[in-house]
Amino acid sequence: MKIEKLIRENIRAMKPYSSARDEFKDFDTEMIFLDANENPHENGVNRYPDPQQKTVKTELVKLKKVKESQILLGNGSDEVLDLIFRAFCEPKEDNIITLPPTYGMYSVLANLNNIENREIVLTKNFEPSVKNILEGADKNSKILFLCSPNNPTGNSFSKESVEVLLNTFPGIVVIDEAYIDFSEHKSWLDRLNEFPNLIITQTFSKAYAMAGVRLGICYASEEIIAVLNKIKPPYNINDLTQKCALKRFTKLDDLKDDVKNILKERARLIQGLKEISFVEKIYPSDANFVLVVVDNATKRYNQLIEKGIVIRNRTTQPLCENTLRFTVGTKKETKLLIKALNEI
Ligand SMILES: *Cc1c(COP(=O)(O)O)cnc(C)c1O
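Everything numeric in this text was worked out from a predicted model, so none of it was measured. (Residues numbered from 1 in each chain as written. Predicted model: local features only at pLDDT ≥ 70, side-chain atom pairs only at ≥ 80, totals over all residues. Heavy atoms only, no water.)

## Remarks on the pattern of salt bridges
As enumerated under the stated definition, the model contains 20 salt bridges in all. Two residues, Asp 78 and Arg 214, come together in a salt bridge whose shortest N-O distance is 3.9 Å. Of the two residues, Asp 78 is situated in helix H5 (residues 76-88) and Arg 214 in the loop between strand E6 (198-203) and strand E7 (216-219); the sequence distance between them amounts to 136 residues. Beyond isolated ion pairs, a larger network of salt bridges with shared partners links Glu 38, Glu 42 and Arg 47. (Salt bridge = Lys/Arg side-chain N within 4 Å of Asp/Glu carboxyl O. Helix = DSSP H or I, 4+ residues; strand = E, 2+ residues; numbered from the N terminus.)

## Describing helix H13 (residues 331-343)
The first and last C-alpha atoms of H13 sit 18 Å apart over 13 residues, in line with the 18 Å expected at 1.5 Å per residue. Every buried residue belonging to H13 is among Thr 334, Leu 337, Ile 338, Ala 340 and Leu 341, and all of these are buried. Viewed end-on, H13 has its buried residues packed into an arc of 160°, placing them on one side of the element. Away from the buried face of H13 by more than 90 degrees, exposed residues Lys 331, Lys 332, Lys 335 and Lys 339 are located. In the core, the buried residues of H13 are packed alongside helix H11 (252-274), helix H12 (297-306) and strand E11 (323-327). (Expected span 1.5 Å × (residues − 1). Buried < 20%, exposed > 50% of the residue type's maximum accessible area, 1.4 Å probe, protein only. Arc of directions from axis to C-beta. Contact = heavy atoms within 4.5 Å.)

## Focus: the site of the ligand
Lining the immediate surroundings of the ligand are 13 residues, of which Ser 77, Thr 203, Ser 205, Lys 206 and Arg 214 lie closest. Between Ser 77 and the ligand, the recorded distance is 2.6 Å, taken from a side-chain N or O atom to an oxygen atom. At a separation of 2.6 Å, an oxygen atom of the ligand approaches a polar side-chain atom of Thr 203. Computed on the free molecule, the ligand has an accessible area of 390 Å², of which 94% lies beneath the protein chains in the complex. (Near = heavy atom within 4 Å. Polar contact = N/O pair within 3.5 Å; in protein donor to acceptor, adjacent residues only side chain to side chain. Areas by Shrake-Rupley, 256 points an atom, 1.4 Å probe, with all protein chains shown as cover.)

## Overview of the UniProt feature "modified residue: N6-(pyridoxal phosphate)lysine" (unreviewed entry) in the protein
The UniProt entry lists Lys 206 under the feature "modified residue: N6-(pyridoxal phosphate)lysine" (unreviewed entry), expressed in the numbering used here. For Lys 206, a relative accessible area of 29% gives the class partly exposed. Contact partners of Lys 206, with chain neighbours within four places excluded, come to Ala 178, Tyr 179 and Phe 182. In this structure the side chain of Lys 206 is engaged in a polar contact, spanning 3.1 Å, whose partner is the side chain of Tyr 179. (UniProt positions renumbered as here; feature names shortened; annotations may be inferred.)

## Looking at the UniProt feature "domain: Aminotransferase class I/classII large" (unreviewed entry) in the protein
Sequence positions flagged by UniProt for "domain: Aminotransferase class I/classII large" (unreviewed entry) are, in local numbering, residues 42-341. For residues 42-341, the end-to-end C-alpha separation is 53 Å, with 38% helix and 17% strand making up the annotated structure.

## Here we look at the sheet that holds strand E8 (residues 279-282)
Within a sheet, neighbouring strands are paired by backbone hydrogen bonds and run either parallel or antiparallel to one another. Judged by pairing direction, the sheet is antiparallel, and its four strands sit side by side in the order E8-E9-E11-E10 without closing on themselves. At either end of the open sheet lies a strand with only one pairing partner, and these are E8 and strand E10 (312-313). Where E10 meets E11, two bridges bridge the pair, whose relative direction is antiparallel. Directly across from Asn 313, in E11, lies its bridge partner Leu 324. Packed onto the sheet, H12 meets strand E9 (289-294), E10 and E11 and runs at close to 35° relative to E11. (Pairing = 2+ DSSP bridges. Axes fitted to C-alpha atoms, helices over the stretch in contact; angles between N-to-C directions.)

## Quick notes on the packing of aromatic side chains
By the definition in use, this model includes eight aromatic pairs. These aromatic residues form a ring-pair network of at least three members: Phe 85, Tyr 103, Tyr 106 and Phe 145. We note Arg 325 situated over the ring of Phe 289; from NZ or CZ to the ring centre the distance is 5.7 Å. (Phe/Tyr/Trp six-rings, centres within 6.5 Å; stacked < 30°, edge-to-face > 60°. Lys NZ or Arg CZ within 6 Å of the ring centre and 35° of its normal.)

In structure tokens, the structure reads:
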């Protein structure tokens, strides 16, 4: 597959903005910096951040066994996803394929970028329908979004289906792995080099417990990363975020414990939900949330709000009639939730 052919013409032709920090890169050394019109009085944040986030990427290289040139960082995965749209999708001409019920941002970004969103609903088992996807695609189908583990259904897609799609979909395949650290399935990152059209996104917002700093990660071929680099805002990852991320890497054992605890808590939550009379079905989860079918989702949602507990009502999504999505909280929160559900 020729990735070059998938890139929008204006993006292919464009020259990136060259910031002061791009032109002179060794800014760690003892130099006098009078190049970026910064305020020279040191306060910890008076300088522009590293536009290439070298120190953060160095840690990711060690941790994920990829090359630095295969990584792009974004202001949350949401920025990464938007950059992917802008690189590949010509407004009013190209289309993307999404598989509802799934993460809402793909369709928001499609609207924002004036791109048609072709929705191919998942099967009843919440798996991609490979046949329908390939039949729905045409020469303007630039991106297929696979969210695995999928939000809000909680399942990971079968390896076989994903592999067929990677081999046959005529455009970019984005695998959104926001919940991969909770999953029993392996990340597709190990196989990045096999598929030139594969983009994997991950995030610091979920298992890494850093939703507040906004840090998303994109892994892809050098060629794709080079294009995304060209169009990203020069200083998209601020200095505080980079520092927080670096600190997080020094405590990766905490992360493993955190994930273990959340998975233990998920089991407790599911156990509690099983005892609730109006809970009709609990879908298996490969993530840190559980999708549940109840008798009347909107009624139960409102009753929980009255008890001071906010969950997500997914009843309007395809295949999700009368479903509620529960995020796994702390042990105390699960206890209070189950108590409230019993009272209801
Ligand atoms: C939460 C979530 C994200 C994270 O987005 P950020 O912008 O990195 O916070 C990405 N994809 C899915 C499917 C999610 O549920």
